Amino acid sequence: MTAELISGKEVAQAKRQDLKQQAAALKEKGIVPGLVVLLVGENPASLSYVKGKVKACEEVGIYSELKRYPETITEEALLKEIEHYNKADHIDGILVQLPLPDHISEHKVIDTISPEKDVDGFHPINVGRMVTGQDAFLSCTPYGIVEMIKYKNIPISGKHVVIVGRSNIVGKPASLLFLRENATVSIAHSRTTNLSEITRQADILVVAAGRENLVSGDDIKEGAVVIDVGMNRSAKGKLVGDVHFESAKEKASYITPIPGGVGPMTITMLLANTLQSAKKRSL
Ligand code: NDP
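Each value, and the rule that gives it
- Residues numbered from 1 in each chain as written.
- Predicted model: local features only at pLDDT ≥ 70, side-chain atom pairs only at ≥ 80, totals over all residues.
- Heavy atoms only, no water.
- Helix = DSSP H or I, 4+ residues; strand = E, 2+ residues; numbered from the N terminus.
- Rg over C-alpha atoms; globule rule 2.2 N^0.38 Å.
- Buried < 20%, exposed > 50% of the residue type's maximum accessible area, 1.4 Å probe, protein only.
- Contact = heavy atoms within 4.5 Å.
- Areas by Shrake-Rupley, 256 points an atom, 1.4 Å probe, with all protein chains shown as cover.
- Lys, Arg positive; Asp, Glu negative; His and termini not counted.
- Charge placed at Lys NZ, Arg CZ, Asp CG, Glu CD.
- Pairing = 2+ DSSP bridges.
- Axes fitted to C-alpha atoms, helices over the stretch in contact; angles between N-to-C directions.
- Near = heavy atom within 4 Å.
- Polar contact = N/O pair within 3.5 Å; in protein donor to acceptor, adjacent residues only side chain to side chain.
- Phe/Tyr/Trp six-rings, centres within 6.5 Å; stacked < 30°, edge-to-face > 60°.
- Lys NZ or Arg CZ within 6 Å of the ring centre and 35° of its normal.
- Right-handed = clockwise from strand over helix to strand, strands pointing away.
- Disulfide = S-S within 2.5 Å.

K.L.:
When you look at the overall build of the protein in this model, what are you seeing that I'm missing?
P.N.:
Looking only at helices and strands, the protein has 10 helices and 11 strands in total. Since a compact globule built from 283 residues should have a radius of gyration of about 19 Å, the 19 Å found for the protein is in line with a globular shape. Oriented by its inertia axes, the alpha-carbon framework of the protein measures out at about 50 × 40 × 35 Å. Residues classed as buried in the protein amount to 51% of the 283 residues present. Partitioning the intrachain contacts of the protein with sequence separation of at least 6 by distance along the chain shows that 71% fall at a separation of at least 24. Here the protein has roughly 13,400 Å² of accessible surface; of this, 51% comes from carbon and sulfur atoms. Here the protein carries 34 positive and 34 negative side-chain charges, and the mean point of each set is 2 Å from the other.

Structure (structure tokens):
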């Protein structure tokens, strides 16, 4: 079997077209959705991510501000900035790009963002709302993964979904979203002893470990759907995932490429969350 590609780029484009129309409809009511992105320091990868987010906002008609702060900014000063944007009427979404320098607590930063503007879906209130099935901003990467699977009309209900990784931003929220879609979910992590045995049981395998070539064709059931979240730099400087693409595509029924897989969906769901927030202004 040679897998069909799930192009995140293609799904993202279709979704962004729809978001553009929603933003235009809001504009007619006098509402311009607004996102502020706060970046601390000079990390080139983070800078490239935030620029991508700002550009995507422009594309769909969301107003955006990129606020940059020196690496030396104090935690207190950064929290004050967030509080300022919590109160700003023209801003519907606040995103603080992670990682942060060691002297700033990620937890404090996330807790300070108003849950009503937490478009990354990281605030404990949004996580709690998601877990209990209430209206919440969903964490963008897992949200994007589920959306791209649905776009391809791949059934999730009743399927065994195996997620490799249990981070707060990908693995854990992904497990809960798939549970909400009525999948049977297993979560593997670095202490899992029989990883291959578990991944081979997956109807849908989501790999988010940040380890190049962690999973290859031998670790995949024939016909499985493979979602590669990993973004790693190979020794040659190439962007690669966690899945050995060439061997995996011979076993899988569907597979996401790197680049052009999960990445574009993550940004698209950030836009969707910002619009969802802006719509509340019109209520
Ligand atoms: P983290 O480093 O926070 O978490 C990695 C997870 O993988 C941990 O739970 C860890 O286990 C587990 N893990 C690590 N090594 C192994 C192993 N050998 N076997 C099984 N599990 C293992 O990473 P993130 O969740 O933030 O990101 C994961 C990857 O996804 C990264 O490459 C990141 O760049 C990428 N990413 C891509 C996004 C996109 O939009 N495409 C968005 C976000 C992330 P343990 O908990 O035991 O340590």
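What follows picks up the thread again.
K.L.:
Can you walk me through the sheet that holds strand S5 (residues 160-164) in this structure?
P.N.:
Backbone hydrogen bonds are what pair the strands of a sheet, in a parallel or an antiparallel way. Ordered in space as S1-S11-S8-S7-S5-S6, the six strands form an open sheet in which the pairing is parallel. Two strands lie at the open edges of the sheet, namely strand S1 (4-5) and strand S6 (184-188), each paired on one side alone. Of the pairings in the sheet, the one linking S1 to strand S11 (residues 254-255) comprises two bridges and is parallel in character. Among the inter-strand pairings, Glu4 is bridged to a residue of S11, identified as Tyr254. Sheet contacts for helix H7 (residues 171-180): S5, S6 and strand S7 (204-207); angle to S5, the most-contacted strand, approximately 170 degrees.

K.L.:
Teacher, can you tell me more about the site of the ligand here?
P.N.:
In the neighbourhood of the ligand, 22 residues make up the surrounding shell, with Arg166, Ser167, Ser190, Met231 and Thr266 lying closest. Arg211 is positioned with one of its side-chain polar atoms (N or O) 3.3 Å from a nitrogen atom of the ligand. The separation between an oxygen atom of the ligand and a polar main-chain atom of Met231 is 2.9 Å. Surface burial for the ligand is 72%, taken as the share of its 940 Å² of free accessible area covered by protein chains. For the shell around the ligand, the element with the most residues is helix H10 (residues 262-279), which contributes three residues.

K.L.:
Which parts of the structure should I look at to understand the packing of aromatic side chains?
P.N.:
Given two aromatic rings, their pairing is described by the distance between the two centres and the angle made by the two planes. For the structure on display, the rule yields zero aromatic pairs. One Lys or Arg, Lys280, reaches over the ring of Phe137 and ends 5.3 Å from the middle of that ring.

K.L.:
How should the environment of Gly30 be read in this particular structure?
P.N.:
Within the element layout of this structure, Gly30 appears in the loop between helix H1 (8-28) and strand S2 (34-40). The spacing of Gly30 and Ser282 is 252 residues in sequence and 9.1 Å in space, taken between C-alpha atoms.

K.L.:
I tried to follow the pairing of S2 on my own but got confused; where do I start?
P.N.:
The side chains of a regular strand alternate between the sheet's two faces. Taken across its seven residues, S2 has seven buried, putting it largely inside the fold. Burial along S2 is two-sided: the residues Gly34, Val36, Leu38 and Val40 and Leu35, Val37 and Leu39 are all buried. The sheet contact formed by S2 and strand S3 (residues 63-69) spans seven bridges and is parallel. Considered in S3, the bridge of Val36 is made with Glu65. Considered for its hand, the β-α-β crossover made up of S2, helix H2 (residues 44-60) and S3 is right-handed. The pairing of S2 with strand S4 (residues 93-96) spans four bridges and is classified as parallel. Across the sheet, Leu38 pairs through a bridge with Val96, a residue of S4.

K.L.:
Sorry, what's going on with the state of the cysteines here?
P.N.:
Simply put, the disulfide is a covalent bond whose two ends are the sulfur atoms of two cysteines. Under the defined criterion, the tally for this structure stands at zero disulfides. With no disulfide of its own, Cys57 lies closest to Cys140 among cysteine sulfurs, the gap being 11 Å. Here Cys57 falls in the buried class, since its relative accessible area comes to 1%. For Cys140, a relative accessible area of 4% translates into the label buried.

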